[in-house]
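Here is how the chains run, residue by residue.
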Amino acid sequence: MISVVSYGVGNVGSIFSMLRKIGVPAIAASTPDDIAKAERIILPGVGAFDHGMAMLAEHSLIEPLRERAGAGIPLLGICLGMQLLGRASEEGIVAGLGVMDAHSVRFLPGGERPLKIPHMGWSELTIRRQSPLLDGFEDQARFYFVHSYHYVCDRSEDVLATAPYGIDFTAVVQRDNVWGAQFHPEKSHRFGMTLLRNFARL
């Protein structure tokens, strides 16, 4: 059973639809008690960093999420949810969950071919380190991204995969039982299905 954190920030309905399509049972988690009982947790998110943390605080979910991560429960952050796992973001002033040694920085639009911000569309992953989360990905695995900020990990070994957009930015991370995906698996067709199946098996 996967508990999807429902805190007013994120494509919760789309995630439930994809989980139903692949036959993975899931429930919404919106209270500390829900998180305390969770076997696996997905933290979705879209929008601004500080707003995401404010909504987690409003639902009293910050400490329960930290506790479950510390207890070894598999936790997957998606898009903004991945960024919230880190310490902070250039986008705001509020501290993140701090369960990953990382922070988020804005894409720099300059260069010979100026980047459009946000990065929006399909990009291929380059696998940097093997992980059960990425089992079954052949070459040219493509995922759908929408983001203006990207993750910077303190330790290179936490980076599972990168994707190109001006730079090779961090797209998938893992530290022990905590994972993050900068893209939207619920919008990434068969590649997203594979990733969510893998997470359900962890």
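This write-up is about the structure you can find in this document. Not measured: the values here are computed from a predicted model.

1. Re the environment of Lys187
Link 1 in the chain: One can find Lys187 in the loop between strand S13 (178-181) and helix H6 (189-201).
Link 2 in the chain: For Lys187, a relative accessible area of 35% puts it in the partly exposed group.
Link 3 in the chain: On a C-alpha basis, the gap between Lys187 and Asn11 in space is 9.8 Å, while along the polypeptide they are 176 residues apart.

2. Description of the environment of Cys153
Link 1 in the chain: Considering the arrangement of structural elements, one finds Cys153 in strand S10 (residues 149-153).
Link 2 in the chain: The class of Cys153 is buried, set by a relative accessible area of 14%.
Link 3 in the chain: In this structure, Cys153 is in contact with Asp101, Ala102, Asp158, Val159 and Val173, ignoring residues within four places of it in sequence.

3. Details of the pattern of salt bridges
Link 1 in the chain: Evaluation of the coordinates by the stated rule reveals eight salt bridges.
Link 2 in the chain: One salt bridge connects Asp33 with Lys37, and the closest N-O pair in it is separated by 3.3 Å.
Link 3 in the chain: Residue Arg128 is joined to Asp168 by a salt bridge in which the shortest nitrogen-to-oxygen separation is 3.7 Å. Of the two residues, Arg128 is situated in the loop between strand S8 (126-127) and strand S9 (142-147) and Asp168 in strand S12 (residues 167-175); the sequence distance between them amounts to 40 residues.
Link 4 in the chain: Take Arg128: its relative accessible area is 48%, and that puts it in the partly exposed class.

4. Thoughts on unusual backbone geometry
Link 1 in the chain: The residue after Ile117, namely Pro118, is reached through a cis peptide bond having omega 10°.
Link 2 in the chain: In this fold, Pro118 is placed in the loop between strand S6 (102-106) and strand S7 (119-124).
Link 3 in the chain: Positive phi, normally seen in glycine, also occurs at Asp176, with a value near 55°.
Link 4 in the chain: One can find Asp176 in the loop between S12 and S13.
Link 5 in the chain: Judged by relative accessible area, Asp176 falls into the exposed class, the value being 56%.
Link 6 in the chain: Residue His189 is not a glycine yet carries a positive backbone phi of 50°.
Link 7 in the chain: Using a relative accessible area of 53% as the deciding quantity, one classes His189 as exposed.

Each value, and the rule that gives it
Residues numbered from 1 in each chain as written. Predicted model: local features only at pLDDT ≥ 70, side-chain atom pairs only at ≥ 80, totals over all residues. Heavy atoms only, no water. Helix = DSSP H or I, 4+ residues; strand = E, 2+ residues; numbered from the N terminus. Buried < 20%, exposed > 50% of the residue type's maximum accessible area, 1.4 Å probe, protein only. Contact = heavy atoms within 4.5 Å. Salt bridge = Lys/Arg side-chain N within 4 Å of Asp/Glu carboxyl O.

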